[in-house]
Protein chains: 2
Amino acid sequence: MGKHTLGELQHAIMQVLWARDEATVAEVHEALFDERGLAPTTIATMLRKMEDKGVVAHRVEDRHFVYQATVSEDAVRSTMVSELLDRLFAGDPAALVSHLVADHDIDEAEVERLRALLNHAEARKDENR
Amino acid sequence: MGKHTLGELQHAIMQVLWARDEATVAEVHEALFDERGLAPTTIATMLRKMEDKGVVAHRVEDRHFVYQATVSEDAVRSTMVSELLDRLFAGDPAALVSHLVADHDIDEAEVERLRALLNHAEARKDENR
DNA sequence: CTCCTTGAACTACCAAGGTAATACTACCGA
DNA sequence: TCGGTAGTATTACCTTGGTAGTTCAAGGAG
């Protein structure tokens, strides 16, 4: 498992692939055109680079390429969050949560959800004891 | 206010500057040499690039440059966390916390700390009502 | 069978991060 | 005054992400 760190566009492309499991270049282009307005060749080039990198794979079907993600969204999240965690918070998740609470005004509903999350986490740990 | 996104080395340099408020090229180099083993010119070049970018400033003192950070660690954290939040979790902080709990095994002590954090957050909100 | 269209391949740039050798300058000591 | 040394400026190169024009190949239309 290498470093699955994705750039902006790469991530956008991956999201399309994650959403529909597989897609042609044209489909990806169409899905992203409204927000990005990129040339189809840009998408195609990026997909090839991403294949070199190992995060997508393609299969030929009916004269065009059908791409598919080879890494899960969660795997990407894991590596990228870990990276940011190490860089910015010396690997301390609580410090990141603290920053989140202080900086991104989390409303009461969110706080409730988080509290529930923590309760679940503790409940799971209780079970294994 | 631009995007204060820092690369790996840039962030390491900033940490030195944040730690001691200001430092010469040689001091930064010395502080990072053990872990990175970079040439002094590399640090100097990077510092100049960072100055172009606006995240540090220098003053000449006694024939050498004394650099100082012009952005706070918290400002950098804010922009970088926000970016990751938007990219990976559609801007939902709770989703990030959820990921953190699920993925980075947070031990019971951490959970307690987080719970306390959330309590404080709610307490603050209660006060303002 | 030939030409057009479509989509992939190739090539080419640009910016930013990173890394560093080399060139220059100015001070200090002999 | 002359040369070494210290420290900055210049220049250069590599990688990755991003963006796209141009070329090429193969299937479909006439």
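Residues numbered from 1 in each chain as written. Chains lettered and ligands numbered in written order. Predicted model: local features only at pLDDT ≥ 70, side-chain atom pairs only at ≥ 80, totals over all residues. Heavy atoms only, no water.

> Could you give me a rundown of the pattern of salt bridges, with the residues and numbers involved?
Within this structure, the stated rule accounts for 10 salt bridges over all chains. One salt bridge connects R87 of chain B with E8 of chain A, and the closest N-O pair in it is separated by 2.4 Å. Residue R87 of chain B is found in helix α4 (residues 73-89), and its partner E8 of chain A is found in helix α1 (residues 8-20); the two belong to separate chains. Owing to a relative accessible area of 41%, E8 of chain A belongs among the partly exposed residues under this scheme. A salt bridge links E73 of chain B to R77 of chain B; its shortest N-O distance comes to 3.5 Å. Of this pair, E73 of chain B and R77 of chain B both sit in helix α4, four residues apart, roughly one helical turn. With a relative accessible area of 25%, E73 of chain B lands in the partly exposed category. Through salt bridges with shared partners, one network takes in E8 and R36 of chain A together with R87 of chain B. (Salt bridge = Lys/Arg side-chain N within 4 Å of Asp/Glu carboxyl O. Helix = DSSP H or I, 4+ residues; strand = E, 2+ residues; numbered from the N terminus. Buried < 20%, exposed > 50% of the residue type's maximum accessible area, 1.4 Å probe, protein only.)

> With reference to specific residues and values, describe the sheet that holds strand β1 (residues 22-24) of chain A.
Residue and element names in this part refer to chain A. With antiparallel pairing, the three strands of this open sheet are ordered in space as β1-β3-β2. Strands at the two margins of the open sheet, each flanked by one partner only, are β1 and β2 (56-61). Pairs of neighbouring strands in the sheet enclose a mean axial angle of 30°, with direction left out of account. Of the strands in this sheet, β1 and β3 (64-69) are in contact with helix α2 (residues 25-36), which crosses β1 at around 95°. The strands that helix α3 (residues 40-53) touches are β2 and β3; relative to β2, the one it contacts most, it runs at about 120°. (Pairing = 2+ DSSP bridges. Axes fitted to C-alpha atoms, helices over the stretch in contact; angles between N-to-C directions. Contact = heavy atoms within 4.5 Å.)

> Quick rundown of the protein's contact with DNA strand D? Include the residues and the values.
Near DNA strand D there are 20 residues, and of these E8, T45 and K49 of chain A together with R48 and F65 of chain B occur at the shortest range. A share of 62% is what sugar and phosphate atoms reach among the atoms of DNA strand D within 4 Å of the protein. A distance of 3.1 Å is found between a phosphate oxygen of DNA strand D and a backbone nitrogen or oxygen belonging to A39 of chain A. One nitrogen or oxygen atom from the side chain of T45 of chain A is found 2.7 Å from a base nitrogen belonging to DNA strand D. Taken together, the elements giving at least two residues each to the surface near DNA strand D come down to α1 and α3 of chain A together with α3 (40-53) and β3 (64-69) of chain B. Tallied by class, residues from the surface near DNA strand D come to six nonpolar, eight polar and six charged. (Near = heavy atom within 4 Å. Polar contact = N/O pair within 3.5 Å; in protein donor to acceptor, adjacent residues only side chain to side chain. Nonpolar A, V, L, I, M, F, W, Y, C, P; charged D, E, K, R; others polar.)

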